[in-house]
Amino acid sequence: MGNAMEGGWFTIAYLSLKERKARVLQGVRFDGKGRAAAGIVTNAGPMPVGPDDSLHAFVMPAFDTTCRFYARTDDASLFDTMRARCEEYDRLLSHTRPDSSLSFLNAACGMPARVNPRLAGLIARALDYCSATDGLLDITAGSLETLWNYHRAQKPTDAEVESALRHVGYRHVQVNGDVVTVGDPAVKIVLGAVAKGFIADGLCDLMRDAGVESGVVDLGGNLAVVGSMPNGAPWRFEVADPACGDRPKAIIECRDESAVTSGTYERNFTEDGHLYHHIVDPRTGYPAKSDIVGVTVVANSSLDADAYATALLIMGSVRALAFVADLPGVEVAQIGSPLTGDIVVLAL
C-alpha cells in the first residue's frame, strides 16, 4: 500500500497498482493563515509553481471559460496562431454555435451527413470511450444536462427527465469515414466531455511544431503541458480542495502530460436539503450518486484524461480503481467525501 500522510482534515494515501515509478502527489500543510507551506503557489486558478521571466503568458476567453497559455518562446506570432486555432476549434465543435460543423450534423435530423474529417474522427474516438465506460460517458446525453439550470437552481420534472432519456444512447451514432449518421432524429450530439481534451492536445502539438520545449495549455480545469519547466523541473499544479476552492488539496507533477479535473463541487445547488450537482448520470438523468466528489486524471493524452474524468467520478471509487488498473498511461487521484473519510488515492 505504501505510505500515507496526515494533513489537516484529509489523508493522502498511495496505492500502487502497476510496476511503474510513482509520481509525486503530496498533501499540502497550511500555516494557519490559509497559506501553503513549502513555497507552493495558492493562486485562484491552476498555474505552474514559481515565477519564471522566460515564460510568456497569454489569456483569452474561449470555450465558455478563461484560457491561459504559457510558453518559453521567441516567436511573437505564436499566441496569435493559437488564438486563430481556438476559433477553428469553436467553429468545428460548438453545439451552441449555429454555424459550427457539429450544429450542421445535429440539424441533419437522422440523415447521413458528411462532416469535417476532424469532427468525424473525434466522434469515432468518443464512441470508443462511450463503449469502454459502458455509457457512463455518452455524447448523446447533452439533452439531459440542459434540463438542469444550476444558475437559477431549477431542476426538471420527472416527466421531463423520462422524455429526454428516450433519446439518449451513443449506439444511435454511426461513423463511416467522414459520414456520420444519427439513427434517432431527436438525438443531439454534445462533445463537452471530450472537446477540451482534443483541443488541448492540438494546441500542445502546435506549440511543439513551433519549437516550444516548455509550455502550458490551461483550458479552465483541463491542463496540458509541453516538456518541463524552463529550469528542467516538472510542472507542478494544484488539485483543488472541494471543501475550500481557494486553497489546494494536493500538488501533482507533470512532464509532457495532461491533468483534467472533474468535480461535483464546481456547479451545484441545494433544494430541500438535497445537493444537485452538474455531473449527470446518463443512465438516470439525475446527478450521479457517488462516493467521489472530485477526480483528477493524469494521462499522456489530454483527450484520454478528459474522457475518463467524469465517467470515473460516476463509477464510484471501487469500480473506478479497478477500471484505471487496466488503462495504460493513465493515473487518477480521487478525492472522496469528507463524510466518508476523505481519501485521496494515486493509482499507478
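Residue indices follow the written sequence of each chain, beginning from 1 at its first position. Local features in this predicted model are restricted to residues whose pLDDT is 70 or higher, and side-chain atom pairs enter the listing and the counts only when it is 80 or higher, whereas totals over whole chains, interfaces and linings include all residues. As a rule here, side-chain values come from all non-hydrogen atoms in the structure, and water together with hydrogens is ignored.

1. As for the overall build of the chain
Of the regular secondary structure elements, the chain holds 8 helices and 18 strands. Every one of the 348 residues in the chain was classed for burial, and the buried ones make up 51%. Residues are treated as being in contact if the distance between any of their heavy atoms lies within 4.5 Å. The contacts of the chain with a sequence gap of at least 6 include a subset with a gap of at least 24, amounting to 61%. Carbon and sulfur atoms provide 51% of the accessible area of the chain, an area that totals close to 15900 Å². To qualify as a helix, a DSSP run of H or I must reach at least 4 residues; to qualify as a strand, a run of E must reach at least 2; elements of each kind are numbered from the N terminus. Note on exposure labels: buried denotes an accessible area under 20% of the residue type's maximum, exposed denotes more than 50%, and partly exposed covers the range between, all computed with a 1.4 Å probe on protein chains only. Here the accessible surface of atoms and residues is derived via Shrake-Rupley with a 1.4 Å probe, and residues count as covered only by protein chains that are part of the display.

2. Some points on helix H6 (residues 195–209)
Working rule for helices: expected span equals 1.5 Å times residues minus one. Helix length check: H6 (15 residues) gives 21 Å between terminal C-alpha atoms against 21 Å at 1.5 Å per residue, within 8%. The element H6 is largely enclosed, with a buried count of 11 among its 15 residues. Within H6, the full set of buried residues consists of Ala195, Lys196, Gly197, Phe198, Ile199, Ala200, Gly202, Leu203, Cys204, Leu206 and Met207.

3. As for helix H1 (residues 78–93)
Its 16 residues place the ends of H1 22 Å apart at the C-alpha level, agreeing with the 22 Å of an ideal helix rising 1.5 Å per residue. Every buried residue of H1 is listed here: Leu78, Phe79, Met82, Cys86, Tyr89, Leu92 and Leu93. Taken end-on, H1 shows its buried residues confined to a sector of 125°, consistent with a single buried face. Buried-residue contacts for H1 involve strand S4 (56–62), strand S5 (65–71), helix H2 (101–106), helix H3 (117–132), H6 and strand S9 (214–218). When we speak of the arc, we mean the arc of directions from the helix axis to the C-beta atoms.

4. Overview of the side chain of Ser103
Locating Ser103 in the fold gives a position in helix H2. Here Ser103 falls in the buried class, since its relative accessible area comes to 14%. Here a polar contact is recorded for every N or O atom pair within 3.5 Å, except that within protein the pair must consist of a potential hydrogen donor and a potential acceptor, and residues adjacent in sequence are included only if both atoms are side-chain atoms. A polar contact is formed between the side chain of Ser103 and the backbone oxygen of Arg97, at a distance of 2.6 Å. Excluding anything up to four places from it in sequence, Ser103 contacts Ser94, His95, Arg97 and Pro98.

5. What about the pairing of strand S13 (residues 258–263)?
The element S13 is largely enclosed, with a buried count of 5 among its 6 residues. Bridge analysis of S13 against strand S16 (residues 292–299) gives 6 bridges, and the strand direction is antiparallel. When the sheet's bridge partners are listed, Thr261 is paired in S16 with Thr296. Strands pair, by our definition, only if DSSP identifies at least two bridges between them.

6. A closer look at the sheet that holds strand S8 (residues 179–182)
A sheet is described by the order of its strands in space; here 3 strands give the open sequence S6-S8-S7, paired in antiparallel fashion. Only two strands of the sheet have a single partner each, and these edge strands are strand S6 (113–114) and strand S7 (173–176). Across 4 bridges, S7 lies against S8 in antiparallel orientation. Residue Gln174 lies in a different strand from S8, and its bridge partner there is Thr181. Here, axes are lines fitted to C-alpha atoms. For helices the fit covers the stretch in contact, and angles between N-to-C directions go from 0 to 180 degrees. Seen against the sheet, H3 touches S7 and S8 and runs at an angle of roughly 130° to S7.

7. Thoughts on the packing of H3 against helix H7 (residues 302–315)
Contact geometry for H3 and H7: axes closest at 10 Å, N-to-C directions at 45°. In this view, H3 runs oblique relative to H7, as classed from their interaxial angle. Pair H3 / H7 crosses with right-handed handedness. In contact with Leu122, Arg125 and Tyr129 of H3, H7 contributes Leu303, Asp304, Ala307 and Tyr308. As a working rule, the residues Ala, Val, Leu, Ile, Met, Phe, Trp, Tyr, Cys and Pro are called nonpolar, Asp, Glu, Lys and Arg charged, and the rest polar, with Gly in that last group. Its residues assigned to classes, the contact of H3 with H7 comprises 5 nonpolar, no polar and 2 charged. Throughout, the term roughly parallel applies to angles under 35 degrees, roughly antiparallel to angles over 145, roughly perpendicular to angles from 65 to 115, and oblique to all others. Helix crossings are classified by the rotation of the near helix relative to the far one: an anticlockwise turn of less than a right angle makes the crossing left-handed, while a clockwise turn makes it right-handed.

8. Comments concerning the nonpolar core
A general trend in soluble globular proteins is that nonpolar side chains are found buried together. Within this scheme, the nonpolar core is defined by two criteria: the residues are buried Ala, Val, Leu, Ile, Met, Phe, Trp, Tyr or Cys, and they are joined through side-chain atoms within 4.5 Å. By size, the foremost hydrophobic cluster in this structure holds 74 residues, and its most contacted members are Phe69, Ile123, Leu191 and Leu312. Discounting chain neighbours no more than four positions away, the residues touching Leu312 are Ile292, Val295, Val297, Ala320, Phe323, Val324 and Val332. Counting 14 residues, the second-largest nonpolar core is a separate cluster that includes Val225, Met229, Cys254 and Ala259.

9. Quick look at the packing of aromatic side chains
Only Phe, Tyr and Trp rings take part, Trp by its six-membered ring, and two of them pair if their centres are within 6.5 Å. Stacked means planes under 30 degrees apart, edge-to-face means over 60, and tilted covers everything else. Tallied over the full model, the rule gives 6 aromatic pairs. With centroids separated by 5.6 Å and ring planes inclined at 65°, the aromatic side chains of Tyr308 and Phe323 adopt a geometry described as edge-to-face. Taken together, the positions of Tyr308 in helix H7 and Phe323 in helix H8 (residues 317–324) put the pair 15 residues apart, joining distant regions of the chain. Among the aromatic residues, those joined into a ring-pair cluster are Phe58, Phe69 and Phe79.

10. A short note on the side chain of Ser100
Here Ser100 lies in the loop between H1 and H2. By relative accessible area, which is 2% here, Ser100 ends up buried. With near-sequence residues (within four places) excluded, Ser100 lies in contact with Asp90, Arg91, Leu92 and Ser94.

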